[in-house]
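# Inside the fold
The chain contents come next:
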Amino acid sequence: MEIKAIRGFNDILPNEIGKWQFAERTAREIFEGFGFSEIRIPILERTELFSRGIGEATDIVEKEMYTFTDRSGNTLTLRPEATASMARAYLEHQLHTFDPVAKLYCIGPMFRYERPQKGRYRQFYQIDAEVFGVENPMVDAEVILMLIHFLKKVGLERLELQINSLGCRACRPRYREELKHFLLTKSFQLCEDCQRRLHANPLRIFDCKVETCHEAIANAPQVIDFICSECQIHFDQVKKYLERAELTYILNPRMVRGLDYYTRTAFEVVSYQLGSQNAVTGGGRYDNLFQEIGGLDIPGIGFAIGMERLVSLLPKDREFIQYPHLFIAALGEETMKEAYRIINQLHLEGIRAELDYEEKSLKSQMRRADKLKAQYVLILGEDELKRGKAVLRNMENKVQEEIPINNILNTLKEKILRD
Ligand code: HAM
């Protein structure tokens, strides 16, 4: 039986990769311009990092992690997100001793055992950016500004930035109690999971996809109405800084984000072109995460962009595939030797050249050059070779010319690089 990929795990094929590389290249350029450095973290971590960091009573930890025991009996998890790992790496390598502020980004695959559908996969990629060590609301706005700048730069349109404040350790408990109190009156409408969540972590009922739970929570009190004065001041400042940067946002008081580590600012960027899985990016502030994972009291803020969703939104009219500059059509044994010499030199000069190794007829080689969308074809025939010449055909305007072999590398470079 033919072996196929696992459900929810995708191959990214050569005809799509140009979009991915473009998005990644642009992210690196922009983020580094904002002072961020790349960090690469492991794909596997101790399960505890995520259960403590993301929260025991979240969908991710309860239902979606790929967890297993390794041969030494350690309980390990394929990372479902990058923030907790980046915080762990920052603490483990004491990056704060070098500079209290760290601006880091990371690009790579994450794993969640969710029900696959369009825009939702079990292995998916994120571009993640985090700032550790700053509590000032100015940085909340700066991070959002960088995100929006990036999304616009890659060509995304019709986006909506939604923000909310989720309060802090001081004010959240009062809200939780209020929410619980409200939901207790509707507990008969809640699914089995939410019945349990009602006591363990009532905020997570907002994430539930069951219709009756949705209805139950529809008129629930909102966290924004319960935040303390410090959180209110912080949120007002964030909004002011966003306005100063001329960023438009809408307040979404129902957005609570699916991970427990958030405090104060939470945000999402949604696209109305995406359908039900419409969040391109999610992020926010997490001032207690470092302590949760056993570290110092360090504030943090960041976001993660879902690459699959981002790539599906890139402008359709943009060309992302790199076609060959040149196709060499060689006929006969001697000309193949010459073709081999020329193609190797071209490759060393960074010119994308292709050759037909099968020595097919000229007609079939031309057909292949056409299919590959080569810009030029260099035709090497025995007779021309004897005269020290080759024929160069411009595939766009079909103009052919004879060029001398002895200076061929320079002639080709000049033409190809000029176009
Ligand atoms: P998140 O909202 O769970 O946040 O994920 C961020 C983005 O990753 C989503 O908006 C979505 O575009 C994409 N995403 C999530 N799950 C899937 C999936 N199963 N398939 C495809 N795409 C998906 C986080 O992960 C936080 N760590 C973000 C963050 C960074 N907060 C602060 N810093």
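Here is a short report on the structure shown in this document. (Residues numbered from 1 in each chain as written. Predicted model: local features only at pLDDT ≥ 70, side-chain atom pairs only at ≥ 80, totals over all residues. Heavy atoms only, no water.)

Each helix and strand in the protein chain was counted, giving 15 helices and 16 strands. For the protein chain, whose C-alpha radius of gyration is 28 Å, the value lies well above the compact-globule estimate of 22 Å for 419 residues. The principal-axis extents of the C-alpha atoms in the protein chain amount to approximately 90 × 55 × 45 Å. The buried share of the protein chain, reckoned over its 419 residues, is 52%. In the structure as shown, the protein chain presents an accessible area of about 21,300 Å², 49% of it carried by carbon and sulfur atoms. (Helix = DSSP H or I, 4+ residues; strand = E, 2+ residues; numbered from the N terminus. Rg over C-alpha atoms; globule rule 2.2 N^0.38 Å. Buried < 20%, exposed > 50% of the residue type's maximum accessible area, 1.4 Å probe, protein only. Areas by Shrake-Rupley, 256 points an atom, 1.4 Å probe, with all protein chains shown as cover.)

This part is about the pattern of salt bridges. Side chains carrying opposite charge are able to pair once their charged atoms draw close together. Taken as a whole, this structure holds 26 salt bridges when the rule is applied. Of the charged contacts, one joins glutamate 114 and arginine 120 as a salt bridge, the two residues approaching to 3.6 Å between their closest N and O atoms. In this pair, the class of glutamate 114 matches that of arginine 120, namely buried. (Salt bridge = Lys/Arg side-chain N within 4 Å of Asp/Glu carboxyl O.)

This part takes up the environment of leucine 417. Note on placement: leucine 417 falls in helix 15 (residues 408–418). Along the chain, leucine 417 and serine 229 lie 188 residues apart, while their C-alpha atoms are 61 Å from each other.

Attention now moves to the side chain of aspartate 356. Within the secondary structure, aspartate 356 sits in the loop between strand 13 (353–355) and helix 13 (362–371). Here the side chain of aspartate 356 touches glutamate 358 through a polar contact of 3.0 Å, landing on its backbone nitrogen. Not counting residues within four places of it along the chain, the set of residues in contact with aspartate 356 comprises Phe327, Ile328, Met336, Gln365 and Arg368. (Polar contact = N/O pair within 3.5 Å; in protein donor to acceptor, adjacent residues only side chain to side chain. Contact = heavy atoms within 4.5 Å.)

A contiguous patch of negative charge, built from Glu333, Glu359, Glu382 and Asp383, is present on the exposed surface. Counting through the fold element by element, glutamate 359 comes out in the loop between strand 13 and helix 13. Accessibility expressed as a relative area gives 42% for glutamate 359, which makes it partly exposed. (Patch = residues over 30% accessible without salt bridge, like charges linked within 9 Å, V, L, I, M, F, W, Y side chains within 5 Å. Lys, Arg positive; Asp, Glu negative; His and termini not counted. Charge placed at Lys NZ, Arg CZ, Asp CG, Glu CD.)

Among all positions in helix 7 (residues 192–200), only Cys194, Arg197 and Leu198 are buried. End-on, the buried residues of helix 7 take up no more than an arc of 110 degrees, which puts them together on one face. Each element contacted by the buried residues of helix 7 is listed here: helix 3 (59–64), helix 6 (172–184) and helix 8 (211–217). (Arc of directions from axis to C-beta.)

Right, let's talk about helix 6 for a bit. The terminal C-alpha atoms of helix 6, which comprises 13 residues, lie 18 Å apart, in line with the 18 Å expected from a rise of 1.5 Å per residue. The complete set of buried residues in helix 6 reads Arg172, Tyr175, Leu179 and Leu183. Angular distribution of buried residues about the axis of helix 6 spans 65 degrees; they occupy a single face of the element. In this structure, helix 6 carries Arg174 and His181 as exposed residues pointing more than 90 degrees from its buried face. Residues of helix 6 that are buried sit in contact with helix 7, helix 8 and strand 9 (263–271). (Expected span 1.5 Å × (residues − 1).)

One open sheet holds the three strands; their spatial order is 2-4-3, and the pairing between them is antiparallel. Because the sheet does not close on itself, it has two edges, and the strands there are strand 2 (44–46) and strand 3 (66–69). In this sheet, adjacent strand axes meet at a mean angle of 35 degrees when their direction is disregarded. In this structure, strand 2 lies alongside strand 4 (residues 75–78), joined through three bridges in antiparallel fashion. Bridging across to strand 4, leucine 44 finds its partner in leucine 78. Taken strand by strand, helix 2 (residues 47–54) contacts strand 2, strand 3 and strand 4, and its axis lies near 75 degrees from that of strand 2. (Pairing = 2+ DSSP bridges. Axes fitted to C-alpha atoms, helices over the stretch in contact; angles between N-to-C directions.)

For the rest of this paragraph, the subject is the packing of aromatic side chains. In this structure the tally under the stated criterion is 16 aromatic pairs. Members of the aromatic cluster, each reached through a chain of ring pairs, are Tyr90, Phe132, Tyr261, Tyr262, Tyr286 and Phe290. Geometry around tyrosine 113 places arginine 122 over its ring, the cationic atom sitting 3.8 Å from the centre. (Phe/Tyr/Trp six-rings, centres within 6.5 Å; stacked < 30°, edge-to-face > 60°. Lys NZ or Arg CZ within 6 Å of the ring centre and 35° of its normal.)

Right, let's get into the sheet that holds strand 13. Taken in spatial order, the five strands line up as 13-12-14-15-16 in an open sheet, and their pairing is mixed. Unpaired on one side and paired on the other, strand 13 and strand 16 (400–404) mark the two borders of the sheet. Strand-to-strand twist in this sheet, taken as the mean axis angle between neighbours without regard to direction, amounts to 25 degrees. In this fold helix 12 (residues 333–348) packs onto strand 12 (326–330), strand 13 and strand 14 (376–380), with an angle of close to 165 degrees to the strand it touches most, strand 12.

Moving on, we get to unusual backbone geometry. Located in the positive-phi region is glutamate 246, a residue other than glycine, with phi close to 60 degrees. You can see glutamate 246 is positioned in the loop between helix 9 (229–244) and strand 8 (250–251). In the Ramachandran plot, lysine 398 falls in the positive-phi region, its phi being about 65 degrees despite a non-glycine side chain. Take lysine 398: it is sitting in the loop between strand 15 (389–394) and strand 16. The exposure class assigned to lysine 398 is partly exposed, which follows from its relative accessible area of 46%.

Along the chain, threonine 58 falls in the loop between helix 2 and helix 3. Relative accessible area serves as the criterion here: at 0%, threonine 58 is assigned to the buried category. Setting aside chain neighbours within four positions, we find threonine 58 in contact with Arg204, Gly258, Leu259 and Asp260.

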